Structure formats: structure tokens, C-alpha cells
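# Close look at the chain arrangement
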Protein chains: 2
Amino acid sequence: MTNQQTEKNLTVGDIGEQGILNEILPLLDAKDAGLGPGDDAGALRVAGGEVVVSVDTIVQDQDFRLVWPSGHEHKAYDIGWKSIAQNVSDINAMGGVPTGAVVSLSMPSDVTLSWAKEFARGIAGAITSLGADRLAILGGDLSRSSEISVTTTVLGECEHGKVLRNGAKSGDLVAVAGRLGSAGAGLALLDALQDSTSWNRAVLRLVEAQCKPVPPLESGPRAAQAGASAMMDISDGLLRDAGRLARASRVSLELDRQALEVFAQRLEPAATLLKADPMEWVLRGGEDFGLLATFPAEAEIPEEFTVIGKVLRTTGRRSTIRLDGKQLDYRNGFDHFG
Amino acid sequence: MTNQQTEKNLTVGDIGEQGILNEILPLLDAKDAGLGPGDDAGALRVAGGEVVVSVDTIVQDQDFRLVWPSGHEHKAYDIGWKSIAQNVSDINAMGGVPTGAVVSLSMPSDVTLSWAKEFARGIAGAITSLGADRLAILGGDLSRSSEISVTTTVLGECEHGKVLRNGAKSGDLVAVAGRLGSAGAGLALLDALQDSTSWNRAVLRLVEAQCKPVPPLESGPRAAQAGASAMMDISDGLLRDAGRLARASRVSLELDRQALEVFAQRLEPAATLLKADPMEWVLRGGEDFGLLATFPAEAEIPEEFTVIGKVLRTTGRRSTIRLDGKQLDYRNGFDHFG
């Protein structure tokens, strides 16, 4: 047996906690943000007198499958990537810059060491590729469990002040940055009973949008600087998240179908393949981790944002979301326990 | 059916993510540390220009059982308590004060709402009872999973500077604060095939030490202020953790059996019941979350610390731990994947 083969078969149960750490810590970069892994706690230098904090968990067979119904295999690298991507997105959505993270990985003891190393490489890869240049891995935890589960906590700084969900005002414009519906289309593809080996490149790009989401990292601070009145990331679908922003701000939103068509057109390859309506993915698909923001009419909206509607006064008892004048139900969408 | 019965039978799957949040957020206190749950990220004001961060996960059937072999039922309250206790302990072990936390709870959809609420009450109860007066819950996450899993991240401040593991010097004294071996004895009781309903109060106190550990919270900052040269919490057993401290500091430790006898005596009720050697629990039992610290000989060691040995120069290639002159193997102890 060659060394490579030996390592391929090695499980995390074979080498134990310290053995895993010895293998994966060199793959992660503690940078010079403070104290990295090794002591009871990590440390992070903070410039502004305030840190923002976000936590998210992804669980095997709930948030991802190791093998999807389509036969597509979910890479360990992509799971590490997504655990970072969805958390830095939350910091981005506050108008902040991610500066530090701790990662807790729970897994069965028969997971291979090479899986764990690819997972760690995915974390490092996301940090670099998403442009989270200041993000340092400050520590983590390893646990044994019957299913793979990753909880990532990311800290960040908001140089231009925090942008909350509750600041949208009647007369503001509604805008989005990043992808819309791509990850939702990708999820539908992964869940479809169609042989993934026959997919073309346009389709695979949508699958990648689900497995390796790309939150528009610089757009959050830029929107904050431009005076965004409210902002959040779109993790559970445009409609559902727009409903949350509207309720928090006690306003209603009017969306423009024509502006959203641009996003729907990009989903045509998958829509054709699955005989689906791409606008449904645009409105209800989650996990693209794009930004939904509102700006005062006089604000200079950063160019990567697309205006998709406007903020209206709420006339009835409840915030409403209208698309070309027709009221939509924004309560449907992803619910972990629904 | 009365309202009380209805609520008792309600599951988290019945009421969904927002329903759970509506029930448990009022039980948690965001205090005035910053922005609490509700936006994409929480926020925490930081005084000193640096935060320390620690994360830990506890998993059903790995770190706790809902029903132990002894028949003892593990309360949801205690699981919430422990998730806080073991994390504030890490901050304590750096000489810091816990100031903020985010909690991620994963659970099956058939978990009852009353379980989730008791879990939240345990978090709030630990914060109050352990004296973590400044600790605010800043946010969290709910996920569905096949087993209960809790990941808690705690942030803190070190007013008197961070105490690391690597500062012990030859000539320093070794001291501990808090319990030693109690949680280990409690674990042995919970795992024993003995009917827990017949246990007396002395025995139940040890079970409680396992289920509701009490890290000596003020002792960490006090040790830092007194000039502790190295410190960590004892989570995996005195010997194993002393070995880590010794290796990080490149020193050896000589422990004094007589000083440790005090701790062993407190475990006699369980030792008699299980025909066990209580000193084994003192040396190898984990999860009391006491402090292991070293102090320069001239330091005024805070009175709650018990001196249990001294720091020696390492003569051979490896750090050694000796008890009354006899070298002990400090590599055995709890390993999640061992």
C-alpha cells in the first residue's frame, strides 16, 4: 500500500482529535488578527469598539447531502466553503467586514482524514476566493456525532455603521446585489432524479451556485457607505426575506417584474431541463446570499445593485409585498422545521 | 385538553422556526451589551480593543444522554446550562470575563416545545447562577437534525491581560480552583447500571456536578490579576490537561498526592457505591471546568486556589508529570474520536 492509499483510507477515528488538528490546522490561516487556535480561547483585535457576530449551522441531509438524488456528489471542499460563505454573508448584510471566525465540526468517526482535510481546504479557499482578506480562523472544536454538522461563528466590524432591517422608509428604492434564484435552481437540479453526469456547463454553474455560493462581499460595506436605510442577506428566498425586512421596517414593498426578469433569464437552462418557471426560483429560491437593501431616493446606489422596486407606506394592518400590483404571500419559503 | 397539556405535546415541528423563536427569545436576555437577536448579526460593544472567543459543541449520546444507563433523565435545563458553563469556562481560563454569546441548537422536529423552552431557561439560569453578569445572548441559529446538538460561542474580555498555556516557568507553583473529579464521579454514576432512584443526596450532588458544572468564574480574572504565569481549564481531566500545559510551556510538573487527597475524599460516597478508586477521578475525570494555573513562587495566590505541585525544568526530551516522584502517563483521557 502506498502512503497515498494509506492516507485515503485513514479515518478521523483512527488518528483521534489531536491527530486531526495536526493535519488541518496548517491548512487554516490564523493570520495576524490575534491569537489563533491552541489555547482555551482565540483572540481578535477590534478597532471600532464594537464587533458584530453571526452564527449558522449546516447539517448533513438537511442543508446538504453527501450524494444528491441526481447522483451529484457534494464535495467536502464545498461544505467547508459554504460554512464560511453563509456566515460572512451575514456580516456583509450588516454592512460589515468579516474579521474572525471559529468553526465547530461534528462528524462520525468513520469520516476519512482526507474528507476532513478537504473540508478545511474549502474553508481556506472560501476566505481567499470570496475576498474575506481580513478573516482569521481563531479557533474551533471537533466533536463526534452520527451526522456531519458544521457550526461557524463569524465576527466582523462595521466601519460605516451597522445597517439593520428596520430602517426602510416609504419612498426608498429596493435593490439587490449578487445572484438571485441561482442557488434555488441548483437545489432543484440536485434534487431532481436526472443523471447529473449528462449536465452541460450552464446547468453545472447553477449547481455550483448552490454548493459554493458567492455572497457579494464588498457590496455590504459599500451599501452602508452609500447610506442604505435597511439591509439583509437573501438566505431564505427574496419574497420571504423581503417580507421580514418589510415587517421589521413597518412598510410595504412593490416589486417590478421586469427588473427581476434579468435574473430569471439566467436560469433558463435549468428551467428548460426541469420544465420549471424560473421566476419562482427568483422569488422563492434561497441560499444565494445576495443582498437586499433599501436606499433613500437621493442616495447614489452602488453600481452592482439592481433596483427591483420601491418602498411604500403600509396601508392595512400588515406589511405587504406586491409584484406588478399583485399581492404575494411572503410567508412561504424555507423553514427548518416546517 | 387543557392549555398546559396542549403545550406539553406541541413539538418544534408543529410550530416552526419562527414559532420556536417567539417562545424562547423572551426567556433569554440580550441585556444592553449591544444588538440582540433579530438581525443578520448580533453586536457587542468591546472596551479593551480585543475580544477572546471560544466555541464548544455538545452532542446527544456523545456528551450527554437523554436517559443514562442508570435511568437518570438528563434535563433540558441542564443541557442549556452545560452549553453555557463549558464555554464561559474557556473565557475564565484565559483570565477573562464572558460578555456575549451566540447559541446554535440543532434538534429533531419531534422535540417538544417545552423541551426547547427548558433548554433556554437553562441557558438563562446558568448565566445568572454562575455569576456571568455581563454575558448577553447576541443571537443564535435553529437547525433540524437527527440528534440534539448545541454549539455555543462565547466572547469575552481580558481586563488583566490574557493568560496562556505556555507561560509556566520552572520554580512556579501549580494550583487548582474549583472542583476536581466530581463530574468524573458523576459520569461514572450515570453510566453505572444502578437504579438512580435509590441514590442519596451526596451521590446526587456528584451527578449534578456532571450535569450542571460550576466553573469558578471569578477565579480566572483573579488569577490573571495575581500574575498567573499559565492557565487553562480542566475539561479533559487533570493529568491530560496538565500534560498539555506542561508541553505548551516546555516544562515538567511534580504533583503532590496529599494535596489531591482533599478532592478524593469528597468523592468517597460514589467510590464506595461503585467500588472505585476516587483518586482516579481526581486525576483523570473531566468536565468539572476547574482551573489549572501556575504562579511564580512570590505571587500572592488567590485563596480559592489549592497548591497541588510545582513546575520543574524538563530534563529529558519530553515534558513529564510526576505524582510523588512517579511518572504518570498523561496522554490517556477523553478523546472524542479515540
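Everything numeric in this text was worked out from a predicted model, so none of it was measured.

### Comments concerning the domain arrangement of chain A
Residues and elements named next belong to chain A. Each assigned domain of chain A is listed with its residue range as follows: domain 1 (9–37 + 48–157) and domain 2 (173–328). Taking only C-alpha atoms into account, the centre of domain 1 sits 26 Å from that of domain 2. Contacts between domain 1 and domain 2 engage 26 residues on the former and 30 residues on the latter. If you sort the residues of domain 1 by the area they bury against domain 2, S70, K82 and N92 come out on top, with a joint share of 27%. Counting across the interface, domain 1 meets domain 2 through one salt bridge. Here K82 and E287 are joined by a salt bridge, their closest N and O atoms 3.0 Å apart. At the surface where domain 1 touches domain 2, the tally comes to 10 residue pairs in polar contact (both at pLDDT 80 or more). Elements that contribute at least two residues to the side of domain 1 that touches domain 2 include exactly helix 3 (76–93) and strand 4 (97–107). Counting residues per element, the side of domain 1 that touches domain 2 draws most heavily on helix 3, at 11 residues. Looking at the side of domain 1 that touches domain 2 residue by residue, the classes come out as 12 nonpolar, 10 polar and four charged.

### Points about helix 6 (residues 201–211) of chain A
Residues and elements named next belong to chain A. Among all positions of helix 6, only V203, L206, V207, A209, Q210 and C211 are buried. Here the buried face of helix 6 lies against helix 3, helix 5 (182–191) and helix 10 (268–274). The backbone nitrogen of A202 lies 3.2 Å from a side-chain oxygen of the residue at the head of helix 6, namely N200.

### What about the UniProt feature "binding site: Mg(2+) 4" (unreviewed entry) in chain A?
With numbering aligned to this structure, UniProt lists the feature "binding site: Mg(2+) 4" (unreviewed entry) at D40, S54 and D90 of chain A. Spanning 51 residues, the annotated positions stay apart in the fold, the maximum distance between their C-alpha atoms being 26.0 Å. Looking at the secondary structure, you find S54 of chain A in strand 3 (residues 50–59). In this structure, S54 of chain A is in contact with N87, D90, I91, T152, T153 and V154 of chain A together with D40 and A41 of chain B, ignoring residues within four places of it in sequence. Within polar-contact distance, the side chain of S54 of chain A engages the side chain of D90 of chain A at 2.8 Å. Position of D90 of chain A relative to the elements: it lies in helix 3. When residues no more than four places from it in sequence are discounted, the contact partners of D90 of chain A are S54, D56 and D233 of chain A together with D40 and A41 of chain B.

### Here's the deal with the sheet that holds strand 12 (residues 321–323) of chain B
All names here are of chain B. With mixed pairing, the seven strands of this open sheet are ordered in space as 8-10-7-11-9-12-13. The open sheet terminates on both sides in strands that have one partner only, identified here as strand 8 (230–234) and strand 13 (326–328). Across this sheet, the average inter-strand angle for adjacent strands is 30 degrees, counted without regard to direction. Relative to strand 13, strand 12 runs antiparallel, the two being bridged by three bridges.

Definitions and cut-offs
- Residues numbered from 1 in each chain as written.
- Chains lettered and ligands numbered in written order.
- Predicted model: local features only at pLDDT ≥ 70, side-chain atom pairs only at ≥ 80, totals over all residues.
- Heavy atoms only, no water.
- Domains from an automatic or database assignment.
- Contact = heavy atoms within 4.5 Å.
- Buried area = accessible area lost by both parts, 1.4 Å probe.
- Salt bridge = Lys/Arg side-chain N within 4 Å of Asp/Glu carboxyl O.
- Polar contact = N/O pair within 3.5 Å; in protein donor to acceptor, adjacent residues only side chain to side chain.
- Helix = DSSP H or I, 4+ residues; strand = E, 2+ residues; numbered from the N terminus.
- Nonpolar A, V, L, I, M, F, W, Y, C, P; charged D, E, K, R; others polar.
- Buried < 20%, exposed > 50% of the residue type's maximum accessible area, 1.4 Å probe, protein only.
- UniProt positions renumbered as here; feature names shortened; annotations may be inferred.
- Pairing = 2+ DSSP bridges.
- Axes fitted to C-alpha atoms, helices over the stretch in contact; angles between N-to-C directions.

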